[in-house]
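Per-entry structural report
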Amino acid sequence: MDEVDRIVAAWRRERPDLDVAPMEVLSRVSRLARHLDLARKSTFAKHGLEVWAFDVLSALRRSGDPYRLSPSQLLTQTLVTSGTMTNRIDRLVTAGLVQRHPDPADRRGVLVQLTEAGRAKVDGSLQDLLDIEHELLAELADPQQRRLADLLRKLSSNFELDHSSAGVA
């Protein structure tokens, strides 16, 4: 029995008129998300990054050489507002992890490019993150992990915007 089992049993005892079965799945998802969030924050902090910085740097890294995107492309991939993205880019420029360049296709536009220092940070952070994520999933065999991923994809598809063309993970 885990904590969710205890919570569900208590609700069933106190409110037998309600179907609390969804809690058995979604409370566990919520708790796992909190554990993963803490693991990510800790991992990124070891590399001198915050979660938001990793999100921006990893979007640039996934874009492929020359690791350059427009601010609007970064908005699409990180799901933040324009003002928030501008602030994040400013902070990453100050840290030497990205650079702004004029967009040759649009005289008014800029492109944000990953620096070598930014690439080193995101690559190191990603490796450490994956090591932790492999540990978190170690209780499940590979086929179980694939099945769980399929089930979660199906469950979350109703809430996700179509970002498949933007490469959002």
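Predicted model, so just to flag it, every value in this text is computed and none were measured. (Residues numbered from 1 in each chain as written. Predicted model: local features only at pLDDT ≥ 70, side-chain atom pairs only at ≥ 80, totals over all residues. Heavy atoms only, no water.)

Some details on the packing of helix H3 (residues 51-62) against helix H5 (residues 82-94)
Axis separation between H3 and H5 bottoms out at 11 Å; the angle between their running directions is 85°. Between H3 and H5, the angle is such that the two are roughly perpendicular. Contacts between H3 and H5 pair Trp-52, Ala-53, Val-56 and Leu-57 from the former with Met-85, Arg-88, Arg-91 and Leu-92 from the latter. Of the residues that constitute the contact of H3 with H5, the class distribution is six nonpolar, no polar and two charged. (Axes fitted to C-alpha atoms, helices over the stretch in contact; angles between N-to-C directions. Helix = DSSP H or I, 4+ residues; strand = E, 2+ residues; numbered from the N terminus. Parallel < 35°, antiparallel > 145°, perpendicular 65-115°, else oblique. Contact = heavy atoms within 4.5 Å. Nonpolar A, V, L, I, M, F, W, Y, C, P; charged D, E, K, R; others polar.)

A look at the packing of helix H2 (residues 21-46) against helix H6 (residues 116-136)
A pair of packed helices is captured by two measures, namely the crossing angle of their axes and the spacing between those axes. One can describe the packing of H2 onto H6 by two numbers: an axis separation of 9 Å at closest approach and a directional angle of 150°. The orientation of H2 relative to H6 falls into the category roughly antiparallel. Relative to H6, H2 is oriented so that their crossing is right-handed. Contacts between H2 and H6 involve Leu-36, Ala-39, Arg-40, Thr-43 and Phe-44 from the former and Ser-125, Asp-128, Leu-129, Ile-132, Glu-133 and Leu-136 from the latter. Partitioned by chemical class, the residues of the contact of H2 with H6 number six nonpolar, two polar and three charged. (Left-handed = near helix turned anticlockwise from the far one by under 90°.)

Focus: a nonpolar patch on the surface
Taken together, the side chains of Val-25, Leu-26, Val-29, Leu-136, Leu-137, Leu-148, Leu-152 and Leu-155 define a hydrophobic patch exposed on the protein surface, amounting to about 630 Å² of accessible area. Only H2 and helix H7 (142-156) provide two or more residues apiece to the nonpolar patch. Within the secondary structure, Leu-155 is located in helix H7. (Patch = residues over 30% accessible without salt bridge, like charges linked within 9 Å, V, L, I, M, F, W, Y side chains within 5 Å. Areas by Shrake-Rupley, 256 points an atom, 1.4 Å probe, with all protein chains shown as cover. Salt bridge = Lys/Arg side-chain N within 4 Å of Asp/Glu carboxyl O.)

A closer look at the confidence of the model for the protein
Here the protein shows a mean pLDDT of 92. Residues at 70 or above account for 95%. No element of the protein has a lower mean pLDDT than helix H4 (residues 71-78), which averages 91, and none a higher one than helix H1 (residues 3-14), which averages 97. Note on residues 163-169: pLDDT under 50 across the span, and nine contacts to partners over four residues away in sequence or across chains. (pLDDT = per-residue confidence, 0-100.)

Brief notes about unusual backbone geometry
Phi is mostly negative for residues that are not glycine, and the peptide bonds are mostly trans. Look at the link from Asp-65 to Pro-66: it is a cis peptide, with omega at 20°. Mapped onto the elements of the fold, Pro-66 is located in the loop between H3 and strand S1 (68-69). Positive phi, normally seen in glycine, also occurs at Tyr-67, with a value near 60°. Looking at the element boundaries, Tyr-67 is found in the loop between H3 and S1. Judged by relative accessible area, Tyr-67 falls into the buried class, the value being 11%. (Buried < 20%, exposed > 50% of the residue type's maximum accessible area, 1.4 Å probe, protein only.)

Considerations on the pairing of strand S2 (residues 98-103)
Across six bridges, the pairing between S2 and strand S3 (residues 106-114) is antiparallel. When the sheet's bridge partners are listed, Arg-100 is paired in S3 with Val-112. Counting the residues in the hairpin turn of S2 and S3 gives two residues. (Pairing = 2+ DSSP bridges.)

Considerations on the sheet that holds S1
Taking strand neighbours across the sheet as the criterion, the three strands line up as S1-S3-S2 in an open arrangement whose pairing is antiparallel. With one partner strand each, in any of the chains shown, S1 and S2 form the two edges of the open sheet. Where S1 meets S3, two bridges bridge the pair, whose relative direction is antiparallel. Paired with Arg-68 across the strands is Gln-113, a residue of S3. The strands touched by H3 are S1, S2 and S3; relative to S3, the strand with the most contacts, the crossing angle is about 100°.

Quick look at the pattern of salt bridges
Inspection of the entire model under this criterion finds 14 salt bridges. Among the salt bridges present, the one from Arg-28 reaches Asp-2, with a minimum N-O distance of 2.9 Å. Note that Arg-28 is positioned in helix H2 and Asp-2 in the segment before H1, a separation of 26 residues in sequence. Given the relative accessible area of 25%, Arg-28 is considered partly exposed.

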